[in-house]
Amino acid sequence: MERVLQYDGSFDGLLTTIFTIYQHKIKSPIIQAPAQQQSSIFGTAHEVITEPEKAHRVLKRMNELSTPQDMREFYKAFLSEVIGIENTLFQYCQQTFEAGKAPSGDYGNSIILKISQAAKMVGREKHRMEAFIRFHLIEDDLYYANCEPDFNVLPLIASHFKNRYADQKWVIYDLKRDFGISYDLHEVVEVTINFKDPRSQRGIVNTGGLKESRFRESENNYRDLWNQYFKSTNIESRKNMKLHLQHVPRRYWKYLSEKVA
Amino acid sequence: MNYERIKEKLEILADAAKYDVSCSSRGSKRQNKNKGLGDSSGMGICHSYTEDGRCVSLLKILLTNVCIFDCAYCVTRKSNDIKRAGFTVQEVVDLTINFYRRNYIEGLFLSSGIFTSPDATMERLIRVAKKLRLEENFNGYIHLKSIPGASDELMQEAGLYADRLSVNIEIPTKEGLKLLAPDKDHKDFIQPMKAVKNAIDLYKSEKEIIKSTPIYAPAGQSTQMIVGATGESDRDIMYSANFFYNKFQMKRVYYSGYIPVADDSRLPAIGTEVPMMRENRLYQTDWLLRFYGFDVREILNEHHQNLDMDIDPKLSWALRNLDQFPIDINRAEKRMLARIPGVGMKSVGKILSARRYRKLGWDHLKAIGISMNRSKYFITCSSREFESRDLTPIQIKSQILLSGSSKYSKNFTNQLSLF
Ligand code: SF4
């Protein structure tokens, strides 16, 4: 019988679910994140409560049977939030446990192919965010950026920004998923900003799109200089908008001052 | 800081620097240290793209566009009647740091007109890099343009602060150079390259003995050639490139389709179309040399002096060497897999990995992402049906051109998503 298992959308939640499936020997499970709850026609929905300890047991076993590269792909695929990816990831675990070894690089296998494709999309988005994040100095020593990535990539970019901006405090906020990462010169932590609080209100402005800005004067200046640079570096006789859009799809423009201006 | 004035300078000095197509910011080994600013140990990131589709990863500017030379192909040439400007060392440092902190750029690409002597110019460029490294604790990427004719000592010093050094050869043949830049000497370009190569070798061998040896130009050196300003063939260009790759261990050679900037009877007239297609084919060839194990003579030689414009150089090579095909996907070694038209290096890796599990057929290859439209004429796999083996090169070519018209239509780039 098919059983629908609902988890809380977290990585630990998914792993707990996989643990539960094995524990209760559930035959044909369907795993769903909260966002995709449809009233199920398949059977009774069971809500899985995330238990880090169970999650870690699954993770530990997977780590033993896989290469670090496999596990990175696994995690990236999870972050894609593609509908149904949980089930693919579960099948992947199943194959791994059965074979006693992860099927690394078996691209003739549809599960592997799906995971590698999802991971690739997420990887591309990760690079895009590393490229398109634009910081604004909003207090004397705090750099702030809004973003709305297609996939949930903040967990993947934290270390990049931490290494790069080791000497400045920064916050990167995902407005789509309503959480951010914040670095205080020591560590990166997840934060949620209550935008109703007037002090943090500044965070919600679309920093790229706003002409009349509340930022410090010098912020506008640097943005202007950057926009000027962008303009001057273009070569009109080589213009190729199709190619341009391929690199910078329109949905990213609102956070890129050089595209808004 | 006087922003209006800086803005004006940026307008002039970014505009003048934009013809240098080098944009790479990868391949360095400089890690963030002492909790300073920046890190360039990664892959290099394009932070934006110009409307012509080129990557913006560095703040690419001239220190000044004042120049005592008069190279015909250059906007900055002495005889050109344009506004001149110059940045102070501190202005460049401030711009770099502030752009970097906002994640606009990966670092700085600094070039300059030769304002008094090559050495005086080079010395000023080094001062910028030195200040960024020593005073600002900046670990982002720095690319300095070496000034032709600068002394070996200055080149030695430049590499201690820069990640990459480049001197643009600009004109691929000696004769062309003599024609268009009569004040310059071929060896003024070669000498700094030699100095950099020697220094790289020296620091590398010292590093093996003494761990604390400073890093020297960790991302190596590169150069650029203008394409289509003089009458050189693709063979001339690629043989020059090959010479630089081998002789000076260049990391990159860039090809820049000539953009007419001067009314000069020695050059294509203003308004002549930029040879983008040709440029693209040269980059594809360059990739075949660097990553696909091709020898330049296989692609360009006495009988084949120019690249085909209608098909990519790998396909062109395959059609001239049909006797080497078909290649068996399930057995061929890596080197041969890489020679199949429509199969990129990533796909080669996937094929090698996937065939450890099972024999691969058409469906697997399609799912892996291979462009069947081109490759199917050149391979066999475990599927039964296969393309007729009796087609002539011309037949194959016309079938490919017919089936994939969009792929070969007018959208071309110099940064690549190839094969
Ligand atoms: S020396 Fe350099 S900047 Fe001066 S004209 Fe020649 S190419 Fe241009």
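Residues numbered from 1 in each chain as written. Chains lettered and ligands numbered in written order. Predicted model: local features only at pLDDT ≥ 70, side-chain atom pairs only at ≥ 80, totals over all residues. Heavy atoms only, no water.

**Student:** Describe the overall build of chain A, listing the residues and the values that go with them.
**Tutor:** Each helix and strand in chain A was counted, giving 10 helices and eight strands. Within chain A, the fraction of its 261 residues that count as buried is 55%. Excluding contacts between residues fewer than 6 apart, the proportion of contacts in chain A whose partners are at least 24 apart in sequence is 66%. Element-wise, carbon and sulfur atoms account for 51% of the exposed surface of chain A, whose accessible area totals about 12500 Å². (Helix = DSSP H or I, 4+ residues; strand = E, 2+ residues; numbered from the N terminus. Buried < 20%, exposed > 50% of the residue type's maximum accessible area, 1.4 Å probe, protein only. Contact = heavy atoms within 4.5 Å. Areas by Shrake-Rupley, 256 points an atom, 1.4 Å probe, with all protein chains shown as cover.)

**Student:** Talk me through the interface of chain A and chain B; I want residue IDs and the actual numbers.
**Tutor:** Counting residues at the interface gives 58 residues for chain A and 60 residues for chain B. Of the roughly 5400 Å² buried at the junction of chain A and chain B (both faces included), carbon and sulfur atoms supply 54%. On the chain A side of the interface with chain B, the three residues burying the most area are A:R164, A:Y222 and A:R238, jointly 16% of the side's total. Our count for the chain A to chain B interface comes out at six salt bridges. Between the two partners, chain A and chain B, sit 34 residue pairs in polar contact (both at pLDDT 80 or more). Those elements that place two or more of their residues in the side of chain A that touches chain B are α5 (110-132), α6 (154-164), α8 (217-232), α9 (241-247) and α10 (257-260) of chain A. Looking at which element gives the most residues to the side of chain A that touches chain B, the answer is α8(A), with 12 residues. Tallied by class, residues from the side of chain A that touches chain B come to 24 nonpolar, 21 polar and 13 charged. (Buried area = accessible area lost by both parts, 1.4 Å probe. Salt bridge = Lys/Arg side-chain N within 4 Å of Asp/Glu carboxyl O. Polar contact = N/O pair within 3.5 Å; in protein donor to acceptor, adjacent residues only side chain to side chain. Nonpolar A, V, L, I, M, F, W, Y, C, P; charged D, E, K, R; others polar.)

**Student:** A description of the side chain of B:K314 should follow, citing residues and the corresponding values.
**Tutor:** Residues and elements named next belong to chain B. Its location among the elements puts K314 in helix α10 (residues 313-320). In this structure K314 is buried but unpaired, with D312 as the nearest side chain of opposite charge at 7.0 Å. Apart from residues no more than four positions distant in its own chain, K314 is found in contact with L288, Y292, F294, A338, R339, I340, P341, G342 and V343. (Lys, Arg positive; Asp, Glu negative; His and termini not counted.)

**Student:** Account for the packing of helix α2 (residues 89-101) of chain B against helix α3 (residues 118-135) of chain B, with residues named and values stated.
**Tutor:** Residues and elements named next belong to chain B. Two numbers describe how α2 lies on α3: the axes approach to 9 Å, and their chain directions differ by 45°. The orientation of α2 with respect to α3, classified from their angle, is oblique. Our pair here, α2 against α3, has a crossing hand that is right-handed. Counted together, V89, Q90, V92, V93, T96 and I97 of α2 and R124, R127, V128, K131 and L132 of α3 form the full contact between these two elements. The class makeup of the residues in the contact of α2 with α3 is six nonpolar, two polar and three charged. (Axes fitted to C-alpha atoms, helices over the stretch in contact; angles between N-to-C directions. Parallel < 35°, antiparallel > 145°, perpendicular 65-115°, else oblique. Left-handed = near helix turned anticlockwise from the far one by under 90°.)

**Student:** Please set out the packing of aromatic side chains residue by residue, giving values where relevant.
**Tutor:** Overall, the coordinates contain 31 aromatic pairs over all chains when judged by the stated rule. Centroid distance A:F74 to A:Y92: 5.7 Å. Interplanar angle 40°. Geometry classified as tilted. Placement of the pair is A:F74 in helix α3 (residues 68-79) and A:Y92 in helix α4 (residues 85-99), with a sequence separation of 18 residues. What makes A:F74 buried here is its relative accessible area of 1%. Note on A:Y92: relative accessible area 4%, which makes it buried. Aromatic side chains B:Y203 and B:Y216 sit 4.9 Å apart centroid to centroid with 5° between the ring planes, which places their arrangement in the stacked category. Residue B:Y203 is found in helix α6 (residues 186-209), and its partner B:Y216 is found in the loop between α6 and β7 (221-227); the two are separated by 13 residues along the sequence. Per residue, the accessibility class of B:Y203 equals that of B:Y216, and both read buried. Between B:K350 and the ring centre of A:Y107, over which it is positioned, the NZ or CZ distance is 5.3 Å. (Phe/Tyr/Trp six-rings, centres within 6.5 Å; stacked < 30°, edge-to-face > 60°. Lys NZ or Arg CZ within 6 Å of the ring centre and 35° of its normal.)

**Student:** So, the sheet that holds strand β3 (residues 45-47) of chain A: which residues are in play, and what are the values?
**Tutor:** Residues and elements named next belong to chain A. Sheet architecture is open: three strands sit in the order β2-β1-β3, paired in parallel fashion. Every interior strand has two partners, whereas the edge strands, β2 (28-32) and β3, have only one. Here the strands of the sheet are splayed against their neighbours by 30° on average, with no regard to which way each runs. Strands β1 (2-6) and β2 of the sheet are contacted by helix α1 (residues 11-23), whose axis makes an angle of about 165° with β2. (Pairing = 2+ DSSP bridges.)

**Student:** Got a sec to walk through unusual backbone geometry? Specific residues and values, please.
**Tutor:** Residues and elements named next belong to chain B. The linkage connecting F325 with the following residue, P326, adopts the cis geometry, with an omega of 0°. Tracing the chain through its elements places P326 in the loop between α10 and β9 (327-328). Unusually for a residue other than glycine, K35 sits at a positive phi of about 50°. For K35, the location among the structural elements is in the loop between α1 (3-17) and β1 (48-49). Residue class for K35 comes out partly exposed when judged on its relative accessible area of 44%.

**Student:** Which residues make up α3(B), and what are the values?
**Tutor:** A turn of α-helix holds 3.6 residues, and therefore any two residues three or four places apart point the same way. Residues and elements named next belong to chain B. Between its first and last C-alpha, α3 extends 25 Å over 18 residues, near the 26 Å set by a 1.5 Å rise per residue. For α3, the set of buried residues is P118, T121, M122, L125, I126, V128, A129, L132 and R133. Across the axial projection of α3, the buried residues extend over an arc of 150°, all falling on one side. Exposed side of α3, more than 90 degrees from the buried face: L134 and E135 are the residues found there. Looking at the buried positions of α3, the neighbouring elements they touch are α2, β4 (107-111), β5 (141-145) and α4 (152-161). Backbone geometry just downstream of α3 places N137 in the positive-phi region, at approximately 50°. (Expected span 1.5 Å × (residues − 1). Arc of directions from axis to C-beta.)

**Student:** Kindly report on the nonpolar core, identifying the contributing residues and their values.
**Tutor:** Residues B:F99 and B:Y255 are the most contacted members of the largest nonpolar core, which totals 193 residues. No other element matches the nine residues that α5(A) contributes to this core. Sequence-distant contacts of B:F99, that is, excluding residues within four places in its chain, are made with A:Y222, A:L225, A:W226, A:Y229, B:L10, B:L59, B:Y104 and B:I105. In terms of nonpolar packing, the next biggest core, distinct from the first, is built from six residues, A:I138, A:Y144, A:Y173 and A:I193 among them. (Core = buried A, V, L, I, M, F, W, Y, C linked by side-chain atoms within 4.5 Å.)

**Student:** Kindly report on the UniProt feature "domain: Radical SAM core" (unreviewed entry) in chain B, identifying the contributing residues and their values.
**Tutor:** Here the UniProt-annotated "domain: Radical SAM core" (unreviewed entry) positions come out as residues 51-310 of chain B. The span residues 51-310 of chain B carries 41% helix and 13% strand; its end-to-end C-alpha distance comes to 25 Å. (UniProt positions renumbered as here; feature names shortened; annotations may be inferred.)

**Student:** So, the pattern of salt bridges: which residues are in play, and what are the values?
**Tutor:** All names here are of chain A. Counted under the stated rule, the structure contains 37 salt bridges over all chains. Here E81 and R177 are joined by a salt bridge, their closest N and O atoms 3.0 Å apart. Here E81, found in the loop between α3 and α4, pairs with R177, found in the loop between β6 (169-174) and β7 (179-183); they are 96 residues apart in sequence, far enough to count as distant.

**Student:** Give a detailed account of the site of the ligand, specifying residues and quantitative values.
**Tutor:** In the vicinity of the ligand, the residues found are B:C67, B:F69, B:C71, B:C74, B:T76, B:R77, B:G113, B:I114 and B:K184. When the residues that make up the shell around the ligand are grouped by side-chain class, the tally is five nonpolar, two polar and two charged. (Near = heavy atom within 4 Å.)

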